[in-house]
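Residue strings, one per chain:
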Amino acid sequence: MAFSGFLPTGALLDSLIHISNEVSSMEKFPFVQVRNTSTMIRRIKLLSSLFEEIREMNTKIPPSSILCLTELFSVIQRVKVVIQGCRDGSCLWNLMQAEYISKQFYVLAKEMGRALDILPLSLLRITTDIREQVELLHKQAKRAELIIDSRELQRRDDLLRLMASNNEKNSKNKGFVDFDKVKDILSDIALRDPLDYEEEISKLEAEVQRQAGTGGLIVVSNINNLISLVSHAKSLIFSSNEEIEKVKGSSAQDSLTALRNFDISSSSQMILTNVPDEFRCPISLDLMRDPVIVSSGHTYDRTSIAQWINSGHHTCPKSGQRLIHMALIPNYALKSLVHQWCQENNIPLLEHPSSSSSELERSSSSSQRNSSENAIDHLSAAKAAVDAVKMTAEFLVGKLATGSSDIQRQAAYELRLLAKTGMDNRRIIAEAGAIPFLVTLLSSQDPKIQENAVTALLNLSIFDNNKILIMAAGAIEKIVDVLESGKTMEARENAAAAIFSLSMIDDCKVSIGAHPRAIAGLVRLLREGTSPGKRDAATALINLAVYNVNKASVVAAGAVPLLIDLLMDDKAGITDDALALLTLLLDSREGLEEISKSRVLVPLLVDLLRFGSLKGKENAITLLVGLCKDGGEEVAGRLLMNPRSIPSLQSLAADGSLRARRKADALLRLLNRCCSHSRNPVG
């Protein structure tokens, strides 16, 4: 099956190596964003080593690797554009956009991490050194934080503060711009001689042309004011003394007027920092107030993508695919979500003003104006990103159906990875028909095939509709088989996690609980599993025990004494889960009888009232109240004999959660009545 949506593997690797080397060999670093630029170049150098080694393998690579490499190519393309913009663009304008550009680097690092999520390193024949470097890079990219250079912010703030100060002076006719301070600030961003100033002015003028028609009137006005500032600073700093006096007299007022007109709050770099990533335009990284879809299926803010198209580009900025048409299709669903988010966060719902835009367009070139006016909204033909995942999924499902054991092992592993990242992927994999084949592979004698199959089903089950499809495929019988006697402990534990996920649906609680071996298998894993495995088993049992009929089965499987033992096992780390399950079982007759038999539970619960978590304390007091109501004076007497009981209950009644305080008060009253009866026996 050919992957028509991707470049051929050889061409893709060649392109990756070429663009990585282009980025890595950038000699002239920008004078802003130095730290972000150097960090990103270092990451791409590491990836370049990986690409070269994969090419030297000269063997077929897994389809999910092709998908990963395609995503990395898109990321590195955009990294190159951002770095070139910092290096070749206006230093002063980039300084004003410090947060905005830093956010671009941050988002690209995160996308790099997400692309590496689906890279099956274990299936690639690469050296240990490269593997370890890529694993480290993956971890670093996933943990990447937004880096904003405090020195750049200081320079920008100093300049803005200076501008605001001189604006105030000008309004009172008390002076003109302190160009010595301006000189120091501009010198810090490498503007040191007349040629530097001329070059900076040219770059700012070019930025005006780029922003015309899309950036907004205020943004263009701000850049023009910066041009005026730099021009006058150059005149004052580099003119002769005689000329200085002349320039001061003739241009200071103009310069101050420019500074006064600089609108700091409306500058395009000022972006909201708490906007969800899915609401940000991939180009501007700002909130998409008017989201539109291009022919590649990607969504952008209308003004940003219009600027991109108007400047002569005919490809999708995110995927690099050629746009088959230039129409911009409104994304009404996303727009509705954005407006709802804005209302919830008290953010003004500002649309792009048509009157201002048309006024600005009249001042731009005719080609830009015509291109904007001729944009027609209609339905998109396809979504390339979704199609790429769809082709990958269909290819892998075909390998599950007809491949050898080795191919099935690889395909199941890649589907496991692909299903780990995103609801769309889980839906697409299910639509490709993967679920019945994965269920069949649960019976495989190959440990890795079985482990990958059950984990892939676990990941797929996170999408609610897939839960129904998995149950309809008769998966529960085979998942229970893996739970009881899986080839690896990881397979058994992931089977328990799959049962937990499936049991989120009420009908599934009934079906799974009715299976004669499901609950017993979970209790067995609760006894034998690793700490994460015990937690998976406990949470699955909690879900099933919500349905009353299943409580008797959990008790009959021997869960109660095991749960009490786990309360004393610090290494297991599931105290809260064990308490929650015991609390559920207490509501059944069988559970109450079994719990009441324990002679060690009451003192354990008293200790947990003092040292447990907030939720643990609530469940501990619930258990004690329930036992006292049923066991009456016998349990109350054991509590009264424990010297820690009353202080612990009094502390909880004073400082616990509302629910815990109510129950602690009730138990203290009950104990008080027991004390009164014991002192005044009837008869």
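Reading the values: the criteria
- Residues numbered from 1 in each chain as written.
- Predicted model: local features only at pLDDT ≥ 70, side-chain atom pairs only at ≥ 80, totals over all residues.
- Heavy atoms only, no water.
- Helix = DSSP H or I, 4+ residues; strand = E, 2+ residues; numbered from the N terminus.
- Pairing = 2+ DSSP bridges.
- Contact = heavy atoms within 4.5 Å.
- Axes fitted to C-alpha atoms, helices over the stretch in contact; angles between N-to-C directions.
- Parallel < 35°, antiparallel > 145°, perpendicular 65-115°, else oblique.
- Left-handed = near helix turned anticlockwise from the far one by under 90°.
- pLDDT = per-residue confidence, 0-100.
- Salt bridge = Lys/Arg side-chain N within 4 Å of Asp/Glu carboxyl O.
- Buried < 20%, exposed > 50% of the residue type's maximum accessible area, 1.4 Å probe, protein only.
- Arc of directions from axis to C-beta.

**Things to note about unusual backbone geometry**
And step 1. Here the phi dihedral of Gln33 falls at roughly 60°; this positive angle occurs in a residue that is not glycine.
And step 2. The residue Gln33 is located in the loop between helix H1 (9–24) and helix H2 (34–57) in this model.

**Some remarks on the sheet that holds strand E2 (residues 299–301)**
And step 1. Taken in spatial order, the 3 strands line up as E2-E1-E3 in an open sheet, and their pairing is antiparallel. Of all strands in the sheet, those bounded by a partner on one side alone are E2 and strand E3 (329–330).
And step 2. As paired elements, strand E1 (residues 291–293) and E3 share 2 bridges and run antiparallel to each other. When the bridges of E3 are listed, Val292 appears paired with Pro330.
And step 3. Contacts between helix H12 (residues 302–310) and the sheet are confined to E1, E2 and E3, with E2 contributing the most and set at about 95° to the helix.

**What to know about the packing of helix H17 (residues 405–418) against helix H20 (residues 447–460)**
Packed helix pairs are specified by the crossing angle of their axes together with the interaxial distance, meaning the distance between the axes.
And step 1. Relative to each other, H17 and H20 sit at 25°, their axes nearing to 8 Å. Judged on the interaxial angle alone, H20 and H17 are roughly parallel. Once H17 is placed against H20, the crossing between them reads as left-handed. Counted together, Ser405, Gln408, Arg409, Ala412, Tyr413, Leu415 and Arg416 of H17 and Lys448, Ile449, Glu451, Asn452, Ala453, Thr455, Ala456 and Asn459 of H20 form the full contact between these two elements.

**A look at the confidence of the model for the chain**
And step 1. Predicted confidence across the chain gives a mean pLDDT of 79, with 81% of residues reaching 70 or more.
And step 2. The model gives residues 170–176 a pLDDT under 50, and that stretch makes 10 contacts with residues more than four places away or in other chains.

**Side note on the environment of Arg210**
And step 1. Mapped onto the fold, Arg210 is located in helix H9 (residues 194–211).
And step 2. The spacing of Arg210 and Gln307 is 97 residues in sequence and 7.5 Å in space, taken between C-alpha atoms.
And step 3. Discounting residues that sit within four places of it in the chain, Arg210 has contacts with Lys203 and Gln307.

**Structural notes on the pattern of salt bridges**
And step 1. For the structure on display, the rule yields 30 salt bridges.
And step 2. For Glu99, the salt bridge is made with Arg156, and the minimal N-O distance between the two is 2.5 Å. Within this pair, whereas Glu99 is found in helix H5 (residues 98–117), its partner Arg156 is found in helix H7 (residues 150–171), the two being separated by 57 residues in sequence.
And step 3. Arg156 gets classed as buried once you look at its relative accessible area, which sits at 6%.
And step 4. One salt bridge in this structure joins Glu590 and Arg589, with 3.3 Å as the shortest N-O distance.
And step 5. Judged by its relative accessible area of 56%, Arg589 is exposed.

**Describing helix H27 (residues 548–556)**
And step 1. Asn550, Lys551, Val554 and Val555 are the residues of H27 that are buried. What you see down the axis of H27 is that its buried residues fit within an arc of 145°, all on one side. Away from its buried face by more than 90 degrees, H27 exposes Val549 and Ala556.
And step 2. Next to the buried residues of H27 lie helix H24 (506–514), helix H25 (518–528), helix H26 (531–545), helix H28 (559–567), helix H29 (575–585) and helix H30 (589–596).
And step 3. Residue Gly558 follows H27 closely and has a positive phi angle near 85°.

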